[in-house]
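This is what each chain is made of:
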Amino acid sequence: MEDQRMDELTHLLREEYNPPPPTPRAEMWEAIQARLNDPGASVVSLDAVRARRTVWVRRSMAWGAAAAAVLVVGFGLGRFTAPTSVAEAPGASQAPDPQVLRLAATDHLERTEALLRMVRADGRTGQLDPAVGSWAESLLTQTRLLLDSTENDDPAMRALLEDLELVLVQIVGVADTRGADGAQAREELTLALKGIEENHVLSRIQAVSPAGSPLAGT
Amino acid sequence: MEQAKGGDEIAFRTLYEANVDRIYRLAYRMVGDEDLARDFTQDTFLRAWERLDQFRGDAAFSTWLHSIAVSVSLNGIRKVDRHRKRERSLEDAVHVAPRQRRLEPDARDRLRGAVDGLPEIYRTVFLMHDLEGFSHGEIAEALGVAEGTSKARLFRARAKLRDALGDAMQEYV
């Protein structure tokens, strides 16, 4: 009798206790492959992100300003040093330095991944870190600068940056709802989390960053 | 296996495809969180890749992989224990909603609490054996204990569950 009850309880627990969802085979393999191809790449795990949170936020603000400055200088140099000779192909000298772009894109994607992982984890409790808003704004600015610089160069990277732009706009929107009623904040948060999941931005970042970045070699 | 050991990524992909379901299911059962289960699964395969040259073939590859998965998951859970105990996330709620549930939320919480309250060594064996269908031989290999130890731990896990649930058990079954 007791054994039979235990069997039934076990059967019930199979259905009720952490029933596994379908295995995200392809998504996990993409992430594994990205790391296999770049053993030196830092692993942005949730735990590590949390442990480094304070440092990340501080650094990201500083890096955001620096990377934006690098991009702006890159554009500026390209424009101001571009020869005006009509014999030269139009726009050929105005392209930003590929090295600058590569550096900025790689760093940008790593920091954006860290932010998204943090938002996804924190979002579940409905309590975002207060620094998320300004961090997301900083990343949004850089995303737009990178979008301007990758015009038609790389469709995959461009599509990723466009999706990141939308997601970051949503995260900034969540941060803006502070002080608003809980329902509105939750709705914004749900939309932002959906944006992260439905666009598969995390796996796409891992697939292209850093060694596999489509910007590499441009 | 030899090809994978030689660094052949396609061969390793084959090993991944053959084993990933069981590893992910186990990780998810243990942690109850999609993101962490993914992280643990990915870490398991990356560690396996790094240590393939240490795999001597004494046991099945899957058994060796399970031992890595259990180690990665238990260490991960200890580090982020508060995540395991937090309320189910919005995403999870969306995910599980369509499933047929036999229990009311209160009763489910009590059941979860009883399993969560098991000491780690008992809970691991219970989840592996009773919920994921691992044999005592597989569990023993994965945990580095004797088969008898695995059986004893399962016996104690069940006894503790019965004690924890007490009369309420009649409500469930």
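Analysis parameters
Residues numbered from 1 in each chain as written. Chains lettered and ligands numbered in written order. Predicted model: local features only at pLDDT ≥ 70, side-chain atom pairs only at ≥ 80, totals over all residues. Helix = DSSP H or I, 4+ residues; strand = E, 2+ residues; numbered from the N terminus. Buried ≥ 20, exposed ≤ 12 C-beta atoms within 10 Å, placed from the backbone. Contact = placed C-beta atoms within 7 Å. Core = buried A, V, L, I, M, F, W, Y, C linked by C-beta atoms within 7 Å. Domains from an automatic or database assignment. Axes fitted to C-alpha atoms, helices over the stretch in contact; angles between N-to-C directions. Parallel < 35°, antiparallel > 145°, perpendicular 65-115°, else oblique. Left-handed = near helix turned anticlockwise from the far one by under 90°. Nonpolar A, V, L, I, M, F, W, Y, C, P; charged D, E, K, R; others polar. pLDDT = per-residue confidence, 0-100.

**Quick word on the overall build of chain A**
Then, number 1: Within chain A one finds nine helices and zero strands.
Then, number 2: The N-to-C order of helical and strand elements in chain A reads α-α-α-α-α-α-α-α-α.
Then, number 3: Going through the 218 residues of chain A one by one, you find that 34% of them count as buried.
Then, number 4: Excluding contacts between residues fewer than 6 apart, the proportion of contacts in chain A whose partners are at least 24 apart in sequence is 74%.

**Remarks on the nonpolar core**
Then, number 1: The biggest cluster of nonpolar side chains holds 46 residues, and the ones touching the most others in it are I23(B), A27(B), V31(B), A37(B) and A69(B).
Then, number 2: Counting residues domain by domain, this core receives three or more from each of domain 1 (1–85) and domain 2 (100–173) of chain B.
Then, number 3: Apart from the residues lying within four places of it in its own chain, the contact partners of A69(B) are I23(B), L26(B), A27(B) and T44(B).
Then, number 4: By size, the runner-up hydrophobic cluster in this structure holds 34 residues, among which are L139(A), L164(A), I196(A) and I205(A).

**Side note on unusual backbone geometry**
Residue and element names in this part refer to chain A.
Then, number 1: Of note, N18 is a non-glycine position whose phi angle comes to about 45°, a positive value.
Then, number 2: Relative to the helices and strands, N18 resides in the loop between α1 (2–16) and α2 (25–36).
Then, number 3: N18 sits in the buried class, given 25 other C-beta atoms within 10 Å.

**Side note on the packing of helix α6 (residues 132–149) of chain A against helix α7 (residues 155–176) of chain A**
All names here are of chain A.
Then, number 1: Remark: α6 packs on α7, axes separated minimally by 9 Å, with the N-to-C direction vectors making an angle of 155°. It follows that α6 is roughly antiparallel to α7 by the angle criterion. Handedness of the crossing formed by α6 with α7: left-handed. Here V132, G133, A136, E137, L139, L140, T143, R144, L146 and L147 of α6 lie close against α7, whose contacting residues are R158, L161, E162, L164, E165, L168, V169, I171, V172, A175 and D176.

**Description of the packing of helix α2 (residues 9–31) of chain B against helix α3 (residues 34–50) of chain B**
All names here are of chain B.
Then, number 1: For the pair α2 and α3, the least separation of the axes is 9 Å and the interaxial angle reads 140°. The orientation of α2 with respect to α3, classified from their angle, is oblique. Note that α2 runs across α3; the crossing there is right-handed. Note on element contacts: α3 touches α2 through L36, A37, F40, T41, T44, F45 and W49, opposite F12, Y16, V20, I23, Y24, A27, Y28 and V31.
Then, number 2: In the contact of α2 with α3, the residues fall into 13 nonpolar, two polar and no charged.

**Side note on the confidence of the model for chain A**
Residue and element names in this part refer to chain A.
Then, number 1: Looking at chain A, the pLDDT average stands at 68 and 59% of residues meet or exceed 70.
Then, number 2: Mean pLDDT across the elements of chain A ranges from a minimum in helix α3 (residues 46–51), with 43, to a maximum in α2, with 87.
Then, number 3: In this model, residues 73–93 is a region of pLDDT below 50 whose contacts with residues beyond four sequence positions or in other chains number 14 contacts.
Then, number 4: Note that residues 211–218 has pLDDT below 50 and, in this model, 24 contacts with residues that lie over four places away or in other chains.

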